[in-house]
Amino acid sequence: MDFVSKYQGVVGRFIGNENSSTNDDSYVERLLDRISNAVLADDRRNAMVELQSVVAESNSAQLAFGAMGFPVLLKVLKEDRDDVEMVRGALETLVSALSPIEHAKISKNEVQPALMNSDLLSREVDNISLLLDLLSEEDFYVRYYTLQLLTALLTNSPNRLQEAILTIPRGITRLMDMLMDREVIRNEALLLLTYLTREAEEIQKIVVFEGAFEKIFSIIREEGGSDGGVVVQDCLELLNNLLRNSASNQVLLRETIGFDPLISILKLRGSSYKFTQQKTTNLLCVLDTINLLLHGGQQTDPGKNSSGLENKAVLVQKKILDHLLMLGVESQWAPVALRCMALRCIGDLVVNHPKNRDALASKVLGEEPDVEAALNSILRIILRTSSVQEFVAADYVFKSYCEDNPVGQSMLASTLIPQPHSMVNAPMEDDVRMSFGSMLLHGLTESERDGDLETCCRAASVLSHLLKDNVQCKEKVVQIELEAPRPTLGGPEPLMHRMVKYLALASSMSKDGRANSSGPIYVQPIILKLLVIWLSDCPRAVQCFLDSNPHLTYLLELVSNETATVCARGLAAVLLGECVIYNKINDSKKNAFSIVEAISQKIGLTSYFLKFDDMQKSLLFATAKSAFDRKPLTRSTAASMSDIEDVDENETADHKSEDHPMLVMVLDSQFVSFVKGLEARIREQIVDIYSQPKSQVAVVPAELEQGSGESDKEYIKRLKNFVEKQCIEIQDLLRSNATLAEGLAMTGGVGSTKLEHRSSSGSDRVLIETLRKDLHEVSQRVETLRAEKARIEEEASSHQNSAMKLESDLQSLSAAYNSLEQANFQLEQEVKALRNSGAVPVQVPDIEQIKAEAREEAQKESEGELNDLLVCLGQEQSKVEKLSTRLMELGEDVDKLLEGIGDDMGLPEDDEDEEE
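Residues numbered from 1 in each chain as written. Predicted model: local features only at pLDDT ≥ 70, side-chain atom pairs only at ≥ 80, totals over all residues. Heavy atoms only, no water.

**Considerations on the overall build of the protein**
Thought 1: A count of helical and extended segments in the protein gives 46 helices and 4 strands.
Thought 2: Per-residue burial over the protein gives 45% buried out of 916 residues.
Thought 3: Taking all contacts inside the protein whose residues are at least 6 apart in sequence as the whole, residues at least 24 apart take part in 72%.
Thought 4: With the model as given, the accessible surface of the protein reaches about 48600 Å², and the carbon-plus-sulfur share is 51%. (Helix = DSSP H or I, 4+ residues; strand = E, 2+ residues; numbered from the N terminus. Buried < 20%, exposed > 50% of the residue type's maximum accessible area, 1.4 Å probe, protein only. Contact = heavy atoms within 4.5 Å. Areas by Shrake-Rupley, 256 points an atom, 1.4 Å probe, with all protein chains shown as cover.)

Written out as structure tokens, the structure is:
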């Protein structure tokens, strides 16, 4: 075939690279010749078996087969359909040619035979159409090998196969029909359709139109739901491919089949609740389907999320929340990955959905009399679990519940009532009888017993969700005071001050390098996150924070502490900025101006603003994702998830690792965007404050008092001189502040339109910096242009040399052409002169001579063909002699076998001669 010839040159470059490649090449060629030309059917079949064996074991044989084998086997599939064994062998050989050899080692730079052969076979749409036609054959193995071959093609050349199937009439329909075939055929067709529908939207639509939903749930029922094998997993993966980002398919499923068959898979059966790996994987796939339905089609249609809201409402009506709570909260014997996935689904179910939030808040778990609110149980998981992943998943539930839910936040915050000191020292096991708020405060203060900040850190994360965007809750929690750990330490202590104390404790632990279960990697950032959210838009919280003088000093030290992480220094800088922009204190020692002065003296405004830039460039902030961005579940990813138990706890010992999963998932994209917005406001406010003088004068200078015996004229003159001197000093101060403020704004990367009308010296400074920057950019541009000029000159020189060479060749050709023209002109003149003189006789062609020459040429051609025929007859005679020798060795009578063969072959020729 034509498409194979294009690759023979490519294959030829690689066939000779292996020691055995030449032998494999010739061996494959002989086998293909036997398949094409052998007379006996058994001989052809044996050759096909040998070919399949060598192609399945040798890379060089696969290469050789790709160069010359496809036309032969495709011809077998087209013309030998009645010979089932040959068709089976051809299909099995093609599958081997398209399957990589596992034990063979091929470097990345070498040609991949399986990929090349897949490309060869998929180039022609007719080949794919031929394979789809074979699915209608009655033989089981023909259909089975055909599906395997299509799957191999799809693995190596997915786009080309998808396009080909779409152009073939009823191509998808034939594959869908295979779902109703025998079990083995059905499973292969299911796997093929799963691969086909992963990214091909057009194929997804056709599959749904062909009744995919009904067939999928029919197979799941036959296999036994979540207790079934890998077939159920393939069915659910195919279902997820059809529902992902497709609101129309989700609506079709909801209004036709409904969600009942899906929810029934989540029901735990039996009393032991055994979770095998396959059952866990199947349940993970079902939860992934639930997650897709909860998100609706909003990823493709951002403005239309009605399908997701409808799906949430219907799923809650179908009691999906009960099953999710059973899997995620009550079934503590279930695998960690399954519990985490169920908790995430609960979070997705309630986010931005008031009715579902109320349903979750009203849920109680357990049996009388030991019933407990579902939110309390989820909080206990956060405080007690040993799995970081389970904490993050349960924390996501509270984040989703509190988002845009001021009523729910206030309800939970109202339960924040400090317990007596005796209850603070009570073990965590006694928290079953506590309210939500008491349990949360218990978790916040439990660190007093053993110095373990892990529980405090987790409780702080939950508290940050309760306070986010809710000023009333922030002011209420500001008023909470805790009893001192020891009576000798004084009276009650505000909760905020206790959090700052724990933050300082985490800093000292990190500085000393003592990393224990408290996990100083993420304790500091999470407590800082709580304080940043708490102080945001809440002047009372800022005042409470600044009521303790050491707090500001500690924060200034943390910002400039080089041993702290970039994230911790950046968030501490944000916290300092909030003490400026939300500061309503009149005290001159704690107001916004004094804090800006402290920043300038202790840190330096330039260094302070650079902390923001360093944080934004850090890996944690630069790659911030939404709470749970995850890839679609496939066979490999689902199996690996079912094996996950927890994050390696050794990672927490490395306090320099800022990409810890805890931080990546807790400090998500929403918080990063929130911090970026705060940063812009902080820069602008600090520049404005630093550019303005103090609005009040605290002390009246003694020079303003009139001295005894001083006349009014002298007093007025002295006052005038004093005022002039003060005006000059004020102008110099304003000029200096404006210059510094503009320089800081330029350094921090944030411009301010309010700085355009400052003093002339400040403008000059800004102009000099701008010109210096422009000069640097122009210098770089000049260097780039010089390099470009050198490259262009080199190319021009090369082109000029080529042009000169071409011009020289053209001149030579022109001279030769002119000489030919002159010679031709002279000959024409001579012929014309001869004709005019009558010396040139008219020559009549000799017909007989021409016939003789033609006859002689034909005789030579006939002799050549006769010689070729004699060579072929000699080769055949040699084969006959070899076969005769072999038959004689086997005890056969050769003369008897050959008796009458020549006579039969000669009869037709004799008759033809007589007729002639």
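**Details of the nonpolar core**
Thought 1: In this structure, Trp534 and Tyr608 are the most contacted members of the largest nonpolar core, which totals 228 residues.
Thought 2: Considering every element that reaches this core, the biggest residue donor is helix α32 (residues 520-535), with 12 residues.
Thought 3: Every residue in contact with tryptophan 534, bar those within four places of it in the chain, is listed here: Leu467, Lys474, Val477, Val478, Leu495, Met496, Met499 and Ala541. (Core = buried A, V, L, I, M, F, W, Y, C linked by side-chain atoms within 4.5 Å.)

**Focus on the pattern of salt bridges**
Thought 1: Under the definition given, this model contains 27 salt bridges.
Thought 2: A salt bridge links arginine 123 to aspartate 119; the nearest nitrogen and oxygen atoms lie 3.1 Å apart.
Thought 3: For arginine 123, a relative accessible area of 38% corresponds to the partly exposed category.
Thought 4: Between glutamate 454 and arginine 458 there is a salt bridge, with its nearest N and O atoms 2.9 Å apart. (Salt bridge = Lys/Arg side-chain N within 4 Å of Asp/Glu carboxyl O.)

**Quick word on unusual backbone geometry**
Thought 1: A positive phi angle is found at asparagine 245, which is not glycine, with a value near 60 degrees.
Thought 2: One can find asparagine 245 in the loop between α15 (230-243) and α16 (247-255).
Thought 3: Positive phi, close to 65 degrees, is recorded for lysine 319, a residue that is not glycine.
Thought 4: Considering the arrangement of structural elements, one finds lysine 319 in the loop between α19 (306-317) and α20 (320-330).

**Considering the environment of leucine 505**
Thought 1: Relative to the assigned elements, leucine 505 resides in helix α31 (residues 495-512).
Thought 2: Measuring from C-alpha to C-alpha, the distance between leucine 505 and leucine 453 comes to 8.7 Å, with 52 residues separating the pair along the chain.

**A look at the packing of aromatic side chains**
Thought 1: A full pass over the atoms with the stated rule returns 10 aromatic pairs.
Thought 2: An angle of 10 degrees between the planes, with centres 6.1 Å apart, marks the rings of phenylalanine 140 and tyrosine 144 as stacked. One end of the pair is phenylalanine 140 and the other is tyrosine 144, both in helix α9 (residues 140-156) and 4 residues apart, which spans about a single turn.
Thought 3: Seen in terms of ring centroids, phenylalanine 671 and phenylalanine 674 are 6.2 Å apart; in terms of plane orientation they differ by 35 degrees. Their pairing is tilted. (Phe/Tyr/Trp six-rings, centres within 6.5 Å; stacked < 30°, edge-to-face > 60°.)

**Focus on the confidence of the model for the protein**
Thought 1: Summary statistics for the protein give a mean pLDDT of 79 and a share of 76% for residues scoring 70 or more.
Thought 2: Low pLDDT, under 50, characterises residues 904-916; the stretch is placed with 0 contacts to residues that sit more than four places away or in other chains. (pLDDT = per-residue confidence, 0-100.)

**As for the side chain of lysine 279**
Thought 1: Mapped onto the secondary structure, lysine 279 falls in helix α18 (residues 277-295).
Thought 2: Exposure remark for lysine 279: the relative accessible area of 7% places this residue in the buried category.
Thought 3: Non-local contacts of lysine 279, meaning those with residues more than four positions away in its chain, are made with Ser226, Asp227 and Lys274.

**Overview of helix α25 (residues 406-413)**
Thought 1: Within α25, the full set of buried residues consists of Gly408, Gln409, Leu412 and Ala413. Here the buried residues of α25 occupy an arc of 130 degrees about the axis, which is enough to place them on one side. (Arc of directions from axis to C-beta.)

**Digging into a nonpolar patch on the surface**
Thought 1: Taken together, Leu866, Leu869, Leu870 and Leu873 make up a surface patch of nonpolar side chains, about 390 Å² in accessible area.
Thought 2: Summarising the element assignment, leucine 873 is placed in helix α44 (residues 847-889). (Patch = residues over 30% accessible without salt bridge, like charges linked within 9 Å, V, L, I, M, F, W, Y side chains within 5 Å.)

**Topic: the packing of α25 against helix α29 (residues 453-467)**
Thought 1: Packing of α25 against α29 brings their axes to within 8 Å, and their N-to-C directions diverge by 130 degrees. Viewed along their axes, α25 and α29 adopt a mutual orientation that is oblique. Here Gln409, Leu412 and Ala413 of α25 lie close against α29, whose contacting residues are His465, Leu466 and Leu467.
Thought 2: Grouping the constituent residues of the contact of α25 with α29 by class yields 4 nonpolar, 2 polar and no charged. (Axes fitted to C-alpha atoms, helices over the stretch in contact; angles between N-to-C directions. Parallel < 35°, antiparallel > 145°, perpendicular 65-115°, else oblique. Nonpolar A, V, L, I, M, F, W, Y, C, P; charged D, E, K, R; others polar.)

**Looking at the side chain of lysine 529**
Thought 1: When you line up the elements, lysine 529 lands in helix α32.
Thought 2: Despite its burial, lysine 529 remains without a salt bridge, the nearest opposite charge being carried by aspartate 668 at 5.2 Å.
Thought 3: Not counting residues within four places of it along the chain, the set of residues in contact with lysine 529 comprises Ser464, His465, Val666, Leu667 and Phe671. (Lys, Arg positive; Asp, Glu negative; His and termini not counted.)

**Focus on the packing of helix α27 (residues 436-445) against α29**
The angle between the axes and the distance between the axes are what describe a pair of packed helices.
Thought 1: Contact geometry of α27 with α29 gives a least axis separation of 7 Å together with a crossing angle of 135 degrees. The angle between α27 and α29 falls in the class oblique. Judged by the twist between their axes, the crossing of α27 over α29 is left-handed. Contact with α27, carried on its side by Phe436, Leu440, Gly443 and Leu444, involves Thr455, Cys456, Ala459, Ala460, Val462, Leu463 and Leu466 of α29 and no other residues of that element.
Thought 2: For the contact of α27 with α29, a count of residues per class yields 9 nonpolar, 2 polar and no charged. (Left-handed = near helix turned anticlockwise from the far one by under 90°.)

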